[in-house]
Amino acid sequence: MAKIDAIADEENARRVVAVSVWLGALSHMTEEHFGEHFRHSAAGTRAEGARIDATLSDDPGHANAQDVLLESVEVET
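Nothing here was measured: the structure is a model prediction, and the numbers come from that model.

Draft legend 1. Geometry of the environment of Leu23. The residue Leu23 is located in strand S1 (residues 15-23) in this model. The exposure class of Leu23 is buried, given its relative accessible area of 0%. Once the C-alpha coordinates of Leu23 and Asp67 are considered, the two residues, 44 residues apart in sequence, prove to be 6.4 Å apart. Apart from the residues within four sequence positions on either side, Leu23 is in contact with Met29, Thr30, Glu31, Phe34, Ala54, Thr55, Leu56, Ser57, Asp67 and Val68.

Written as structure tokens, this is what we have:
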């Protein structure tokens, strides 16, 4: 959320419309699980109600297989 908020600040955004993330195969996250955490963390922020686009990797050998990576943030100014 700190990175998303920083991007919103940089863009002088009124609100965050969408967030795109990549979920590593070994991150222990599903799209649903990430969505629950995101909605909880975003409550009361400019990201509340943002669309979540999550891609779950199936490659446990990927260099970032244990990570959750923020790919993009769409904002409304």
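Draft legend 2. How the structure looks around the side chain of Ser57. Within the element layout of this structure, Ser57 appears in the loop between strand S2 (51-56) and strand S3 (68-76). Residue class for Ser57 comes out buried when judged on its relative accessible area of 13%. One polar contact links the side chain of Ser57 to the main-chain amide nitrogen of Asp59, over a distance of 3.1 Å. Those residues in contact with Ser57, other than ones at most four positions away along the chain, are Trp22, Leu23, Gly24 and Ala25.

What counts and how
Think of each chain on its own: its residues are numbered from 1, step by step along the sequence as written. Under the rules for a predicted model, residues below a pLDDT of 70 receive no local features and side-chain atom pairs below 80 are neither given nor counted, while totals for whole chains, interfaces and linings still include all residues. By convention in this description, side-chain values take in all heavy atoms of the structure and omit both hydrogens and water. Secondary structure follows DSSP: runs of H or I at least 4 residues long count as helices, runs of E at least 2 residues long count as strands, and numbering of each begins at the N terminus. Three labels apply to residues, based on accessible area from a 1.4 Å probe with only protein chains included: buried if under 20% of the type maximum, exposed if over 50%, partly exposed otherwise in between. Throughout, a contact is declared for two residues whenever any of their heavy atoms are within 4.5 Å. Counted as a polar contact is a pair of N or O atoms within 3.5 Å, where, for protein atoms, one must be capable of donating a hydrogen and the other of accepting one, and residues adjacent in sequence contribute only when both atoms are in side chains.

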